[in-house]
Amino acid sequence: MAATNAEPQDVLNFWLDDVGPAGWYNSSETLDADIRARFEGLWDEAQAGKLNHWLTNPTDALAFLILTDQFPRNMFRDTGKAFSSDRIALAAAKLAIEKGWDMRVEAPARQFFYLPLMHSENLCDQDRCVRLMCERMPKSDGSNLLHARAHREVIRQFGRFPYRNAALSRSFTAQETSYLDAGGYGRTVKDLRAELQAA
């Protein structure tokens, strides 16, 4: 496991510069393993409440959100542990947004203040995420807004993300099984994109 003496800037340098936008949403076991090796110990500290002092300024808060919301999705892909720090990340994101720290970070990095809301299985959080993506992210970046709307649509329909069920040992409803068999989240994105293009 990685040493736990990393600083917020180490997280930011790695995720924003080394990985960058081209790698943020691409599944790669090599990247997942690299994140585990570098940051799993630091994530454990965040889980234990030992990094709350990072939530005192915009850039350190951004690093905290990447560590607790993004990295576990890579480190623990396809397991329930991937979502185990979502509650911490969501609370931190709400705190940061309330303080206006998101607006002190340039896009595209600003999106990481909003993704904990997008990952929440709560419709109010989903509505807020769509609003923030619409109002505070560049209009030229339609992808984030599209995915925010797609996540909200799934929560509107099911109240949770069916594609997490297996990892979280949740039973599937018949409607959820039909949804996944018909293309799941990818189909939702495709349908919304078509609606927006037709509007």
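Quick caveat: nothing in here was measured; it's all calculated off a predicted structure.

Student: Summarise the nonpolar core; cite the residues concerned and give the values.
Tutor: Within the largest apolar cluster, 49 residues are counted, with the highest numbers of intra-cluster contacts made by Trp15, Leu67, Phe71, Phe113 and Met133. Only α1 (8-19), α3 (29-47), α4 (58-75), α5 (86-98), α6 (115-118), α7 (123-136) and α8 (142-158) provide two or more residues apiece to this core. Counting residues per element, this core draws most heavily on α4, which supplies nine residues. In contact with Phe113, other than residues within four places in its own chain, are Pro58, Leu62, Leu65, Ala93, Ala96, Ile97, Trp101, Asp102 and Val105. By size, the runner-up hydrophobic cluster in this structure holds 10 residues, among which are Ala150, Ile155, Phe158 and Tyr179.

Student: Hey, could you go over the pattern of salt bridges for me, with residue numbers and the actual values?
Tutor: Using the criterion set out here, one finds 13 salt bridges in the structure. Close ionic contact of Arg136 with Asp102 constitutes a salt bridge, the shortest N to O distance being 2.7 Å. A residue pair is termed long-range when its members are at least 10 positions apart, and Arg136 in helix α7 and Asp102 in the loop between α5 and α6 qualify at 34 residues. A relative accessible area of 26% places Arg136 in the partly exposed class. Classification of Asp102 by relative accessible area gives buried; the value is 0%. With a closest N to O distance of 3.4 Å, Asp127 and Arg152 form a salt bridge. You can see Asp127 sitting in helix α7 and its partner Arg152 sitting in helix α8, a full 25 residues away along the chain. Given the relative accessible area of 16%, Arg152 is considered buried. One network of salt bridges, with partners in common, ties together Asp69, Arg73, Asp86 and Arg164.

Basis of the calculations
Residues numbered from 1 in each chain as written. Predicted model: local features only at pLDDT ≥ 70, side-chain atom pairs only at ≥ 80, totals over all residues. Heavy atoms only, no water. Core = buried A, V, L, I, M, F, W, Y, C linked by side-chain atoms within 4.5 Å. Buried < 20%, exposed > 50% of the residue type's maximum accessible area, 1.4 Å probe, protein only. Helix = DSSP H or I, 4+ residues; strand = E, 2+ residues; numbered from the N terminus. Contact = heavy atoms within 4.5 Å. Salt bridge = Lys/Arg side-chain N within 4 Å of Asp/Glu carboxyl O.

Geometric values such as these leave the question of function open.
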